[in-house]
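# Structural overview
What follows is the residue order along each chain.
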Amino acid sequence: MRQVHSFAAGAWVPPGSGARSIASAITGDVIAEAGNDGLDVQGMRAYARDIGGPALRAMTFHDRARILKALALHLREHRQVLYDLSFDTGATQADHLIDVDGGIGTMLVFASKGRREMPDTQVYLDGTPEQLGRSGQFHGQHICTPLQGVALHINAFNFPVWGMLEKVAPTLLAGVPAIVKPATATSYVTEACVRLMMDSGLLPEGALQLVSGGIGGLLDHLDCQDVVTFTGSADTARVLRSNANLLSNAVRFTAEQDSLNASILGPDAGPGTPEFDLFIKEVQREMTAKAGQKCTAIRRIMVPGAQVQAVIDAIAERLGKVTIGDPRDKATKMGALVSSAQKIDVLEKAIEIGAEAEHVFGDPEAFAMADSRGAFLPPMLFHCAHPDAAQAVHDVEAFGPVSTVMPYRDVAHAAELLNRGKGSLVASVITHDRDVAREITMASAAFHGRLYFNNRDSMSEATGHGAPLPHMVHGGPGRAGGGEELGGIRAVKHYMQRTAVQGSPDILTAIGQRWVPGAIETSDKPHPFTRPFGELALGDTFNSLSREVTLDDIETFAHFTGDTFYAHMDDDAAKANPFFPGRVAHGYLLLSFAAGLFVQPDPGPVLANTGLDSLRFMKPVEAGDSIKVRLTVKAKTPRNDEYGEVRWHVTLTNQDDEAVAEYELLTMNAY
């Protein structure tokens, strides 16, 4: 029998008093035990705060992102271990790809976003500086810095790997240590994943700990620097979020809980259309993947009244072809529920739904007679003919392969039924009608964390109704818990404190490691294009000579480019325009001249111009005006061992020192 350990304060702790037995979902045999009532959870918190937190905060976002990437690649190399263990959770090999590979992929996305979208510093700038004084010597800037506590992740049984990694990745990227508490039923898979990560030697001491079993009184000792995230039932979430200490200390609490997700077949998507076939495929997949034990699975199926029977027949036909059995068998398409207790719960919930809906597919009693081993159930489809009068179909979630078809009269009625779920993680609409998509969005977006639209145009690339992606937020209002996870860098900021800092441009430059206009400029060094990446400093500035813009320049540029817009070619027409005093130079002519004024033409550290951001034209330039350029190093971001990205603040001024254009130039510079 497997002994599922905890990892506390740098040591592996075996099960002890209070340990619970864990049965195989396939055979019902006891295969492991987990839990230890003597675990020093307060000591774990102190270890995370005193050892893990300082070690992580000493790193930059890029340092942490590199660790995430290395961890993900290490897990990918050893994932077979996780596959082999996961079969006893009832999951098939296809389910492993969702859990194990999905978790690894999520970690890689956060690693990539950390390098591309976050600075190679320890302070994240949230937005641009706000000028708060007239002269430009008093600014404000929102920043995000890591919380100085610990993130406690309490996870559900259905995704023992993905459920952990999708929370741990943004937590570590933020610079916060994590204590992971998986559901006991599948904790042996999570423990194996944590062992792989710890054995890699990639994580700093104290960055990650594991509680296999109960968390004791840990919630009673958290404070404003800590975070609690929970995935599971609404009842458990209610108990956790009402903890007196969490309330009195305003401890951040995020819940992802019960969700009666729904899918709508658009009124345009009748039998014979690509959308109809897609809809049936999506429903069948969501009912059977992970044996329906997905927080995003489709629980309610809404179809035009005239299509109800066609939909039931089509879904039943696909469900009838699903092979249910031992997930280790390659022919199996749907495995078991995670435990006999979960099987009993699903059957009880199905009875409640059946009081309002006709059972049209999947007889659990007949199935049990055919195969009574383990926690197996067939997919069960119901039909609720009168959804307006029903209650249970909109309130009761059977967390298994159970879903209910219900008719709608029109799009407004479909949206009304959708919203009867009182908040969900995801709702999907299969339609090729853009107006239907917009109507549903306006009527229902406020009730859902994600709206998934799919049709013949997107179906070859779409990832599926039930696939949370690390790029997009995962969570939902109301009964779904009211929280958010994932969503790219948004997820990282959940573990950071947003602070408004105010001060001079020099102060803000020093804090954010990003030059703020008005801060000190250094212009007594050699041309910045002649100096390698490592020698450039924030505020290094090049001031160009002036160049007069002539009428011949304007006409030559117009004819050469084909841009003969009247403001450049017709003086009377230009004067009639409220923005121009007469014929003016092209904005892109000015940018071209600016490049000629600041470029150092010889081969050197500048490897490439990769683009520009935030371009603004502030004042027209007429023939006879002169322009000059100020080029200042605004930010530096290493990209690899050979080169880094330099962000330059560029300002064009005229002969009266009035700003005529401003933008940010991006170059790749060699070390």
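A brief structural summary. Counting of residues starts from 1 at the beginning of each chain's written sequence and follows it residue by residue. The predicted origin of the model limits local features to residues at a pLDDT of at least 70 and limits the giving and counting of side-chain atom pairs to 80 or more, whereas totals for whole chains, interfaces and linings rest on all residues. Computation of side-chain values: all heavy atoms of the structure, hydrogens and water removed.

This next bit is on the overall build of the chain. Secondary structure counts use DSSP, requiring at least four H or I residues in a row for a helix and at least two E residues in a row for a strand, with both numbered from the N terminus. Counting its regular elements, the chain contains 21 helices and 29 strands. Along the longest, intermediate and shortest principal axes, the C-alpha atoms of the chain span 95 × 60 × 45 Å. Between buried and exposed lies partly exposed: a residue is buried under 20% and exposed over 50% of the maximum accessible area for its type, with that area taken using a 1.4 Å probe on protein chains only. For the chain, the proportion of its 671 residues judged to be buried stands at 55%. Two residues qualify as a contact provided that any one of their heavy atoms is within 4.5 Å of a heavy atom in the partner residue. The contacts in the chain between residues at least 6 apart in sequence include a share of 73% that link residues at least 24 apart. Accessible surface area values rest on a Shrake-Rupley calculation with a 1.4 Å probe, where residue burial reflects the displayed protein chains alone. Of the roughly 27,600 Å² of accessible surface on the chain, 52% is carried by carbon and sulfur atoms. For the purpose of counting charges, residues Lys and Arg are taken to be positive, whereas Asp and Glu are taken to be negative. His and the chain ends are not included. In plain terms, the charge of a residue is placed at NZ if it is Lys, CZ if Arg, CG if Asp and CD if Glu. Separation of charge centres in the chain, based on 59 positive and 80 negative side chains, amounts to 2 Å.

Moving on: the packing of aromatic side chains. Pairing of aromatic side chains requires ring centres within 6.5 Å, counting the rings of Phe and Tyr and the six-membered ring of Trp. Pairs whose planes differ by under 30 degrees are stacked, by over 60 edge-to-face, and all others tilted. All told, the structure shown has 9 aromatic pairs when counted by the stated rule. Taking 5.9 Å as the distance between ring centres and 90° as the angle between the ring planes, the aromatic pair formed by F157 and F399 counts as edge-to-face. Taken together, the residues span a long stretch of sequence, with F157 in the loop between strand 9 (151-154) and helix 5 (162-174) and F399 in the loop between helix 13 (392-395) and strand 18 (402-408) at a distance of 242 residues. Overall, the relative accessible area of 16% leaves F157 in the buried class. Among the residues examined, F399 registers a relative accessible area of 15% and is labelled buried.

If you walk across this open sheet you meet the 7 strands as 16-17-18-15-14-19-20, and the pairing is mixed. Each end of this open sheet is capped by a strand with a single partner; those strands are strand 16 (358-361) and strand 20 (451-454). Strand after strand, the sheet turns through a mean of 25° between neighbouring axes, direction not considered. Whether two strands pair comes down to DSSP finding at least two bridges between them. Pairing between strand 17 (residues 380-383) and strand 18: 4 bridges, direction parallel. Residue F382 lies in a different strand from strand 18, and its bridge partner there is T404. Sitting on the sheet, helix 14 (residues 411-419) touches strand 14 (262-265), strand 15 (300-304), strand 18 and strand 19 (427-430), and the angle it makes with strand 18 is about 145°. As a rule, the C-alpha atoms of each element are fitted with a line to give its axis, helices using only the stretch in contact, and angles between N-to-C directions run from 0 to 180 degrees.

What follows is about the packing of helix 2 (residues 61-77) against helix 4 (residues 93-117). The description of two packed helices rests on the angle between their axes and on the distance between the axes. Two elements in contact, helix 2 and helix 4, have axes separated by 8 Å at closest approach and are oriented at 155°. Relative to helix 4, the element helix 2 lies roughly antiparallel. The handedness of the crossing between helix 2 and helix 4 comes out as left-handed. Counting all contacts with helix 2, which are made through H62, A65, R66, L68, K69, L71, A72, L73, L75 and R76, the residues of helix 4 involved are I104, M107, L108, F110, A111, G114 and R115. Lys, Arg, Asp and Glu make up the charged group, whereas Ala, Val, Leu, Ile, Met, Phe, Trp, Tyr, Cys and Pro make up the nonpolar group; the residues left over, Gly among them, are polar. Class assignment for the residues of the contact of helix 2 with helix 4 results in 11 nonpolar, 2 polar and 4 charged. Should an angle fall under 35 degrees it is called roughly parallel, over 145 degrees roughly antiparallel, and 65 to 115 degrees roughly perpendicular, with every other angle called oblique. By definition, turning the near helix anticlockwise from the far helix through less than a right angle yields a left-handed crossing, and turning it clockwise yields a right-handed one.

Patch definition: residues above 30% relative accessible area lacking any salt bridge, with like charges linked at up to 9 Å and the nonpolar side chains Val, Leu, Ile, Met, Phe, Trp and Tyr linked at up to 5 Å. One side-chain nitrogen of Lys or Arg within 4 Å of one carboxyl oxygen of Asp or Glu is enough to make a salt bridge. A cluster of acidic residues, D410, D433, D435 and E439, forms a negative patch on the protein surface. Residue class for D410 comes out partly exposed when judged on its relative accessible area of 40%.

With that out of the way, let us pick up the environment of A355. Mapped onto the elements of the fold, A355 is located in the loop between helix 11 (340-354) and strand 16. For A355, a relative accessible area of 68% corresponds to the exposed category. In this structure the C-alpha to C-alpha distance between A355 and A392, which are 37 residues apart in sequence, comes to 8.2 Å.

Now for helix 15 (residues 434-444). Burial in helix 15 covers these residues: V436, A437, I440 and S444. Looking straight down helix 15, one finds that the buried residues subtend no more than 100° of arc, so they occupy a single side. Facing away from the buried side of helix 15, by more than 90 degrees, are the exposed residues R434, D435, R438 and M442. The elements touched by buried residues of helix 15 are strand 14, helix 14, strand 19 and strand 20. Of all possible arcs, the one meant is that of the directions from the helix axis to the C-beta atoms.

The next point concerns the pattern of salt bridges. Under the definition given, this model contains 36 salt bridges. A salt bridge links R79 to D101; the shortest N-O distance between them is 2.6 Å. Placement of R79 in helix 3 (residues 79-86) and of D101 in helix 4 is noted, with a sequence separation of 22 residues between them. Residue class for R79 comes out partly exposed when judged on its relative accessible area of 27%. Connected via shared salt-bridge partners are R514, D613, K634, R647 and E664.

Where helix 17 (residues 505-512) is concerned, the buried positions are P505, L508, T509 and G512. Projected down its long axis, helix 17 shows its buried positions confined to an angular sector of 105°, all on one face. Those residues of helix 17 that are buried are in contact with strand 6 (124-125), strand 8 (139-146) and strand 23 (496-503). Q513 sits one or two residues past helix 17 and shows a positive phi near 55°.

Looking now at the packing of helix 3 against helix 4. Two numbers describe how helix 3 lies on helix 4: the axes approach to 10 Å, and their chain directions differ by 140°. Accordingly, the angle class assigned to the pair helix 3 and helix 4 is oblique. Note on packing geometry: the crossing formed by helix 3 with helix 4 is right-handed. Along the contact surface, helix 3 presents R79, L82, Y83 and S86, while helix 4 presents Q93, H96, L97, V100, D101 and I104. Here the residues of the contact of helix 3 with helix 4 are counted per class, giving 5 nonpolar, 3 polar and 2 charged.

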